[in-house]
Amino acid sequence: MVCMLSRVALFSLAIIIITVQGKGSNVTYDGRALIVDGERRILFSGSIHYPRSTPEMWPSLISKAKEGGVDVIQTYVFWNLHESTQGQYEFDGRKDLVRFLKEVEAQGLYAALRIGPFIEAEWTYGGLPFWLHDIPGIVFRSDNEPFKKHMERFVTKIVNMMKYNNLYASQGGPIIISQIENEYENVEAAFHEKGPSYVRWAANMSVALDTGVPWVMCKQSDAPDPVINTCNGMRCGETFTGPNSANKPSMWTENWTSFYQVFGGEPYIRTAEDIAFHVALFIAKNGSYVNYYMYHGGTNFGRTSSAFAITSYYDQAPLDEYGLIRQPKWGHLKELHATIKSCSKTLIRGTQQNFSLGQLQHAYVFRESSGDCAAFLVNNNSRQDVKILFQNRSYELPPKSISILPDCKTITFNTAKVNTQYNTRSATSSHEFNSTETWEQYRETIPIYDNTSIRAKTLLDHLSTTKDTSDYLWYILRFQNHFPGPQSVIQAYSHGHVLHAYVNGVYAGSAHGNHDSPSFTLKNSVHLKNGSNEFAFLSVTVGFPNSGAYLERKIAGLRRLHVQNKDFTSSSWGYQVGLSGEKFQIYTNSGLNKVHWNKFGGNAQPLTWYKTFFDAPTGDDPLALNLHSMGKGEAWINGQSIGRYWVSFNTSKGNPSQSRYHIPRSFLKPTGNLLVLLEEEKGYPPGITVDSVSISKVCGHVSESDSSVVQLICPPDKNISRIQFSSYGTPEGNCEHYAIGKCHSPNSRAVVEKACRGKRKCTILRSNQFFNGDPCPGIPKTLLVDAKCRGNKTRKREKFQSI
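Residues numbered from 1 in each chain as written. Predicted model: local features only at pLDDT ≥ 70, side-chain atom pairs only at ≥ 80, totals over all residues. Heavy atoms only, no water.

### What to know about the packing of helix α5 (residues 145-164) against helix α6 (residues 194-207)
At step 1: At a minimum axis distance of 11 Å, the contact between α5 and α6 shows a crossing angle of 25 degrees. With respect to α6, the axis of α5 lies roughly parallel. For the pair α5 and α6, the sense of crossing is right-handed. Contact residues: Phe147, Lys148, Met151, Glu152 and Val155 in α5; Tyr198, Trp201, Ala202 and Met205 in α6.
At step 2: Per-class residue counts for the contact of α5 with α6 are seven nonpolar, no polar and two charged. (Axes fitted to C-alpha atoms, helices over the stretch in contact; angles between N-to-C directions. Helix = DSSP H or I, 4+ residues; strand = E, 2+ residues; numbered from the N terminus. Parallel < 35°, antiparallel > 145°, perpendicular 65-115°, else oblique. Left-handed = near helix turned anticlockwise from the far one by under 90°. Contact = heavy atoms within 4.5 Å. Nonpolar A, V, L, I, M, F, W, Y, C, P; charged D, E, K, R; others polar.)

### Details of unusual backbone geometry
Residues other than glycine predominantly adopt negative phi, and peptide bonds predominantly adopt the trans conformation.
At step 1: Residues tyrosine 293 and methionine 294 are joined by a peptide bond in cis, for which omega reads -5 degrees.
At step 2: The peptide bond linking glutamine 327 to proline 328 adopts the cis configuration, its omega dihedral lying at 15 degrees.
At step 3: By the element assignment, proline 328 lies in the loop between β11 (287-296) and α9 (329-342).
At step 4: In this structure, arginine 141 is a non-glycine residue whose phi angle is positive, near 55 degrees.
At step 5: In this fold, arginine 141 is placed in the loop between β6 (110-116) and α5.
At step 6: Using a relative accessible area of 4% as the deciding quantity, one classes arginine 141 as buried.
At step 7: Unusually for a residue other than glycine, aspartate 210 sits at a positive phi of about 55 degrees. (Buried < 20%, exposed > 50% of the residue type's maximum accessible area, 1.4 Å probe, protein only.)

### Focus: the pattern of salt bridges
At step 1: Within this structure, the stated rule accounts for 28 salt bridges.
At step 2: For arginine 40, the salt bridge is made with aspartate 30, and the minimal N-O distance between the two is 2.6 Å. Taken together, the residues span a long stretch of sequence, with arginine 40 in strand β3 (residues 39-41) and aspartate 30 in the loop between β1 (27-29) and β2 (34-36) at a distance of ten residues.
At step 3: The exposure class of arginine 40 is partly exposed, given its relative accessible area of 38%.
At step 4: A salt bridge links lysine 781 to aspartate 774; the shortest N-O distance between them is 3.0 Å.
At step 5: We classify aspartate 774 as partly exposed; its relative accessible area is 31%.
At step 6: Salt bridges linked by common partners bring Arg303, Asp468, Asp471 and Arg644 together as one network. (Salt bridge = Lys/Arg side-chain N within 4 Å of Asp/Glu carboxyl O.)

### A word on the pairing of strand β23 (residues 487-494)
At step 1: The element β23 is extensively covered by neighbouring structure, given that six of its eight residues are classed as buried.
At step 2: Sheet analysis places β23 next to strand β28 (residues 558-563), joined by five bridges and oriented antiparallel. Across the sheet, serine 494 pairs through a bridge with leucine 558, a residue of β28. (Pairing = 2+ DSSP bridges.)

### Details of the sheet that holds β2
Each strand in a sheet pairs with its neighbour through backbone hydrogen bonds, running either in the same direction (parallel) or in the opposite one (antiparallel).
At step 1: Strand order across the open sheet formed by three strands is β1-β2-β3, with antiparallel pairing between neighbours. Since the sheet does not close on itself, it has two edges, and those belong to β1 and β3, each with one partner. Strand after strand, the sheet turns through a mean of 40 degrees between neighbouring axes, direction not considered.
At step 2: Relative to β2, β1 runs antiparallel, the two being bridged by three bridges. Directly across from valine 27, in β2, lies its bridge partner valine 36.

### Focus: the state of the cysteines
Throughout this description, disulfide means a covalent bond between two cysteine sulfur atoms.
At step 1: Going through the model one piece at a time under the given rule, you end up with six disulfides.
At step 2: Here cysteine 231 connects covalently by a disulfide to cysteine 236, the sulfurs 2.0 Å from one another. Between cysteine 231 and cysteine 236, the disulfide has an S-S torsion of -85 degrees and is therefore left-handed. There is no split in this pair, since cysteine 231 and cysteine 236 are both buried.
At step 3: By sequence order of its bonded cysteines, the protein has the disulfide arrangement 1-2, 3-4, 5-7, 6-12, 8-11, 9-10.
At step 4: Here cysteine 218 stays unpaired: no disulfide links it, and the sulfur of cysteine 231, its closest cysteine neighbor, is 9.4 Å away.
At step 5: Free cysteine cysteine 343: the closest other cysteine sulfur is in cysteine 408, separated by 8.9 Å. (Disulfide = S-S within 2.5 Å.)

### So, the pairing of strand β25 (residues 506-512)
At step 1: Relative to β25, strand β24 (residues 498-503) runs antiparallel, the two being bridged by six bridges. By the bridge assignment, histidine 500 is partnered in β25 with serine 510.
At step 2: What sits between the antiparallel neighbours β24 and β25 is a turn of two residues, in which asparagine 504 has the positive phi angle 55 degrees.

### With respect to the confidence of the model for the protein
At step 1: With 96% of its residues at a pLDDT of at least 70, the protein reaches an overall mean of 95.
At step 2: Segment residues 1-22 is flagged for pLDDT under 50; beyond a separation of four residues in sequence, or across chains, it makes 34 contacts in the model. (pLDDT = per-residue confidence, 0-100.)

### Regarding the nonpolar core
At step 1: Counting residues in each nonpolar core, the largest one holds 126 residues, and the members touching the most others are Met162, Leu336 and Phe376.
At step 2: Counting residues per element, this core draws most heavily on helix α8 (residues 272-284), at nine residues.
At step 3: The residues contacting phenylalanine 376, other than those within four sequence positions of it, are Ala280, Ile283, Ala284, Leu347, His362, Ala363, Tyr364, Phe366, Ile402, Ser403 and Ile404.
At step 4: Ranked by size, the runner-up nonpolar core spans 54 residues in total, among them Val262, Val540, Leu623 and Leu677. (Core = buried A, V, L, I, M, F, W, Y, C linked by side-chain atoms within 4.5 Å.)

### Brief notes about the packing of helix α4 (residues 97-106) against α5
At step 1: As a packed pair, α4 and α5 sit with axes 11 Å apart at the nearest point and diverge in direction by 45 degrees. Between α4 and α5, the crossing angle belongs to the class labelled oblique. As for the relative orientation of α4 and α5, their crossing is right-handed in sense. Seen from α4, the contacting residues are Leu97, Val98 and Leu101; seen from α5, they are Ile158, Met161 and Met162.
At step 2: Class assignment of the residues belonging to the contact of α4 with α5 gives a composition of six nonpolar, no polar and no charged.

### What about the sheet that holds strand β7 (residues 175-180)?
At step 1: Ordered by their spatial adjacency, eight strands build a closed barrel running β4-β5-β6-β7-β8-β9-β10-β11, and the pairing between neighbours is parallel. Ignoring which end each strand starts from, the neighbouring axes of this sheet average 30 degrees apart.
At step 2: Helix-sheet contacts for α5 involve β6, β7 and β8 (215-218), and the interaxial angle to β6 is about 160 degrees.
At step 3: Docked against the sheet, α9 engages β4 (43-48) and β11, running at close to 160 degrees with respect to β11.

### Observations concerning α4
At step 1: All of the buried residues along α4 are Leu97, Val98, Phe100, Leu101 and Val104. Within α4, the buried residues cover an arc of 160 degrees as seen down the axis, which keeps them to one side.
At step 2: Looking at the buried side of α4, the elements it contacts are β4, α2 (58-67), β5 (72-76), β6, α5 and β7.
At step 3: At the C-terminal side of α4, glycine 108 shows a positive phi close to 80 degrees. (Arc of directions from axis to C-beta.)

### Description of the packing of aromatic side chains
At step 1: All told, the structure shown has 53 aromatic pairs when counted by the stated rule.
At step 2: Both rings, one in phenylalanine 140 and one in phenylalanine 147, keep their centres 5.9 Å apart while their planes meet at 40 degrees; by these two values the pair is tilted. The pair formed by phenylalanine 140 and phenylalanine 147 is uniform in burial state, with each residue classed as buried.
At step 3: Three or more aromatic residues link up through ring pairs in this structure, and these residues are Tyr125, Phe130, Phe140, Phe147, Tyr184, Phe191, Tyr198, Trp201, Phe544 and Tyr550.
At step 4: Its end group placed over the ring of tyrosine 89, lysine 157 keeps NZ or CZ at 4.2 Å from the ring centre.
At step 5: A cation over a ring is seen here: arginine 560 above tyrosine 493, with NZ or CZ 4.1 Å from the ring centre. (Phe/Tyr/Trp six-rings, centres within 6.5 Å; stacked < 30°, edge-to-face > 60°. Lys NZ or Arg CZ within 6 Å of the ring centre and 35° of its normal.)

As structure tokens, this is what we get:
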């Protein structure tokens, strides 16, 4: 068996495997790069996860990635999505992995398949199906026979599916690399001797599956040959210690384009300049593969996000949640890719030299025997420009930047100089639900102890009890009140994530934790009756944990209850999994009539379902449900969940972490769309709207040291309708905040309006001739133009809100 082979024998076998000739591409590697059909390649890759968008969106997303200079589309495989019930597989709709990969292939791109099957990915339970939790004796991600049995079975299932559909490059398909496990080194030590042996087993198991392409392990410095160890992070050019063998290439599997956001957390904004700097540095240090995580983040539909992760995922990526191009990130990286590819043969074949140009300046030079040369000039001084001498020529390097010279003479790209346009995403209301007459409601029933089917003389773990079938678990306690006075203080200790309290059917308060501290205490004064009383605690999870060692041991839910300092933890408790509305699926057309709906009278109550119908807004712009007037819950469109919402959980700046929730156009019918909301708090549904999302503004800003032109391009089906600002001279600020400076051409607006208004795209020269004169002789000129884009069809006056 392969797992019994020596390390040397395994490596020899693997070389035979990965160099096998098929009808398709031959994929191997050496110490410099992946080798596809005998050619070493510098490859740029972008993560797009098939279930975080819809099949209707896939062609456009992949096309935009290709246009942005991406060569490879990278995706995880989501085990708990495909096998949520043991032995029952689903690969339809957003789960159609094969269809997704065939779309990648149809557009002429490669694919990287990260099978895992543990993926983390801010995906509930790290992608593992919860039924694994109940396998006797199981320890996740360890040298544990029950886990290895099921992991090998699923990985083999996926590999065989790829083979059957001829999707590996060795068969003529797009997949050029696969990944086993994911960032295991972060937890490896926790498993002691079972960690390293698990790594060896995972490597042997995957290689033995004979895919015909190489395997990688990210953040795994002890990845056994022939598996390639790769880097994840934001600064792999600085942090990666390199491959663990001279025969392996330097690969970066996750270059985080922003970071995931949690409820209560602010968005992380990573600039295009910073991303470009670290990509250029990685390539300068002999890196040959860079993947952007994410290139398109998308949406955590339904209950798929991990604990406290918001429904929108990596919205700050080059393609935003809706698939719109986010500038200047997309365009700046496109120019970087084009520049590196223009000299890629020299970078691959040349001999690298690294030498100092100053205290914080370095040069990375690649020279071929033919005389061809390419160079990266690095300025690590983050505060000031620096003049350096390179090959007897003087160059000025902006702060914290890398200049790329494809011929070792001319700078064609600098990471800190953004020449591409900026754009602004806006939303405008397309449909309002402001009439209470259009809404109906169903109040969720508070269960009583006598009707509970699960009983225990202890507090059960929420995760083990619901088994990921619902976010909700009722803890019911009946007791006799012997406390003096009508008021009593309850203290309920929960290990996450949310707790709503009801006393004798009356709402008695809520509390919640957060991503960093999921545990919390709900403390409140309540009114008790003489005699028998009932407590009903609704425990709510907001996604399952997705990381850490011994994931199978993690728990949530109510852990202790004290009333007037008396401990009721070990009392007789009754339990109900889920809500009645979930049981009857009242968010679907077929389930609507299984409960009695009442007219909404305008008085919002906690734990209430709301429904209404609406027609789809016209046009092709992406749509979002603006839930700014709601609290916390989940939303469904025509029976499909668009995710959890938690608008009431504000950031430290007092703003909701997310108020708009993506509605894919494919979820809608032209008329009569069913919208159902489950509201846990006291949200007000008539305040919500359906918003159209679009790129409403484009802006260009160039100076004498940058470029000689500003090019503005509106999205398809939109033209430049108005010039909001134009200044040729010395305008102050940038595309986000600007003002006319001391020098300003009086022709600025008129000239730009003539060149651009009514057009989808236009080019404005930064020149005295273009603006009919020099407004300030002897002074370097800057050009800043901000323009509004609007649909070609006549529309009523819109009020845009930048988002």
